[in-house]
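Read off the chains here:
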Amino acid sequence: QVQLVESGGGLVQAGGSLKLSCAASGSIFTINGMGWYRQALGKQRELVASINRRSMTDYADSVKGRFTISRDNAKNTIYLQMNTLKPEDTAVYYCYAYNSVYNWGQGTQVTVSS
């Protein structure tokens, strides 16, 4: 089993930046991929960004060119650098680690004001 602890959320004005962190512990060796989902109030959860063991990344169309997912293997941590934030990015962001199941972080609120 994998435990995930998120940090870095907060309140930012439109056009600003935030960097989220997600530190993994437990059965790290079982992880095939990690990434971030987000869920805005009243909307379905959507995949924002992912990174696999070969460091191949993928992004939702809505965040391409603005968000960057990265990994620090030594720290068992992934990051989500979010630039040029828009009010539409307001959501709870959930880190995940996938092995045979999804392991979830606790969620961190990102609020982007107009």
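Structural data are supplied above this passage.
Throughout, residues of each chain are indexed from 1 in the direction in which the sequence is written. Since the coordinates come from a predicted model, pLDDT governs what is reported: local features require at least 70, and pairs of side-chain atoms require 80 or more to be given and counted, while whole-chain, interface and lining totals use all residues. To obtain the side-chain values, all non-hydrogen atoms of the structure were used and water was disregarded.

Enquirer: It is not clear to me how the nonpolar core should be interpreted in this structure. Could you clarify?
Expert: Where a protein is soluble and globular, its nonpolar side chains tend to be buried together. Throughout this description, the term nonpolar core refers to a set of buried Ala, Val, Leu, Ile, Met, Phe, Trp, Tyr and Cys residues connected via side-chain atoms within 4.5 Å. The buried label goes to any residue with under 20% of its type's maximum accessible area, the exposed label to any with over 50%, and the partly exposed label to all in between, with areas taken from a 1.4 Å probe on protein chains only. Ranked by size, the top nonpolar core spans 29 residues in total, and within it Met34, Trp36, Leu80, Met82 and Tyr93 carry the most contacts. Within the residue set of this core, elements represented by two or more residues are β1 (2-7), β3 (18-26), β4 (33-39), β5 (46-52), β7 (67-72), β8 (77-82), β9 (91-98) and β11 (108-113). Helix and strand assignments come from DSSP, with helices taken as H or I runs of at least 4 residues and strands as E runs of at least 2, each series counted from the N terminus.

Enquirer: Looking at this structure, I do not really get the pattern of salt bridges. What am I missing?
Expert: Opposite charge on two side chains allows them to pair when their charged atoms are near. Salt bridge criterion: a side-chain nitrogen from Lys or Arg within 4 Å of a carboxyl oxygen from Asp or Glu. Using the criterion set out here, one finds 4 salt bridges in the structure. Arg38 is paired through a salt bridge with Glu46; the nearest N and O atoms lie 2.7 Å apart. Glu46 sits in the partly exposed class, given a relative accessible area of 32%. Notably, a salt bridge pairs Arg38 with Asp89, separated by 2.9 Å at the nearest N-O pair. Residue Arg38 is found in strand β4, and its partner Asp89 is found in the loop between β8 and β9; the two are separated by 51 residues along the sequence. Given a relative accessible area of 5%, Arg38 falls into the buried group.

Enquirer: What exactly am I supposed to notice about the packing of aromatic side chains here?
Expert: Any pair of aromatic rings gets described here by the distance separating the centres and the angle formed by the planes. For Phe, Tyr and Trp, rings pair up if their centres lie within 6.5 Å, where Trp contributes its six-membered ring, and each pair is then called stacked (planes under 30 degrees apart), edge-to-face (over 60) or tilted (otherwise). Evaluated as defined, the whole model comprises 7 aromatic pairs. Each ring, one from Tyr102 and one from Trp104, has its centre 5.6 Å from the other, and the planes form 15°; the classification is stacked. Connected via pairs of aromatic rings, a cluster forms that spans Tyr37, Tyr96, Tyr98, Tyr102 and Trp104. The rule is short: NZ of Lys or CZ of Arg within 6 Å of the ring centre and within 35 degrees of the ring normal puts a charge over the ring. Above the plane of the ring of Tyr79 lies Lys19, whose end atom (NZ or CZ) is 4.8 Å from the centre. The ring of Tyr94 carries Arg45 above its face, with NZ or CZ at 4.1 Å from the centroid.

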